Structures are given as C-alpha cells and as structure tokens.
Amino acid sequence: MAIRIPRITKKSSTSLDVPKGHFAVYVGVKQKKRFVIPISFLSQPLFQDLLSQAEEEFGFDHPMGGVTIPCTEDIFINTTSQFRI
C-alpha cells in the first residue's frame, strides 16, 4: 500500500490565492511561513492538537490575520504528511 503525501503549498504572505476547499495557515516559531492546506485537515486529530496549541498561545487574536500554528515548519510538514485525506 502506497503512502499518499498531501499536497501542501507554500506561498508568500502577499499571495491571496486560496483554492476552493483549502485554507491558509501560518507556521513557525520566529519567522512565519504561509501554507495553503486542504480543509479535510480539520478532521484530523493531530491537526486539532496543533489548533489547540495555537489557541493556547494566541487565543483568537492571530497577528498574521489568519490561523498561526506555533510549531516549526519541519514538525508541521512531518505531522501533516501522515494524514490520509
């Protein structure tokens, strides 16, 4: 059985393109990078854990204007690559 790696698109913070069925998140501890990810990630327990961490750190006031995930880019990519979408 092959492992399917979800398509995660890194975009610049000036790009406003978000395809239907996706949303943008900002990932990073010091420097934030924008990722456009499938909405289906919202149903993943590991992603929900990341969102809980974001809520603990930022509450509902996200300085980047979107959801900010307070983890390293490597952790985010490693976590989301395990999702079955």
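Scroll up to find the structure.
Rules and cut-offs
Residues numbered from 1 in each chain as written. Predicted model: local features only at pLDDT ≥ 70, side-chain atom pairs only at ≥ 80, totals over all residues. Heavy atoms only, no water. Buried < 20%, exposed > 50% of the residue type's maximum accessible area, 1.4 Å probe, protein only. Helix = DSSP H or I, 4+ residues; strand = E, 2+ residues; numbered from the N terminus. Pairing = 2+ DSSP bridges. Contact = heavy atoms within 4.5 Å.

1. Focus on the pairing of strand 3 (residues 33-38)
A regular strand carries its side chains on alternate faces of the sheet. Burial analysis of strand 3 places five of its six residues in the buried class, the great majority of the element. Pairing of strand 2 (residues 22-27) with strand 3, which is carried by six bridges, proceeds in the antiparallel orientation. Bridged to Ala-24 within strand 3 is Val-36.

2. Let's talk about the side chain of Thr-79
Relative to the helices and strands, Thr-79 resides in helix 2 (residues 73-80). Thr-79 gets classed as buried once you look at its relative accessible area, which sits at 14%. If near-sequence neighbours (up to four positions away) are discounted, Thr-79 is found in contact with Leu-46 and Leu-50.

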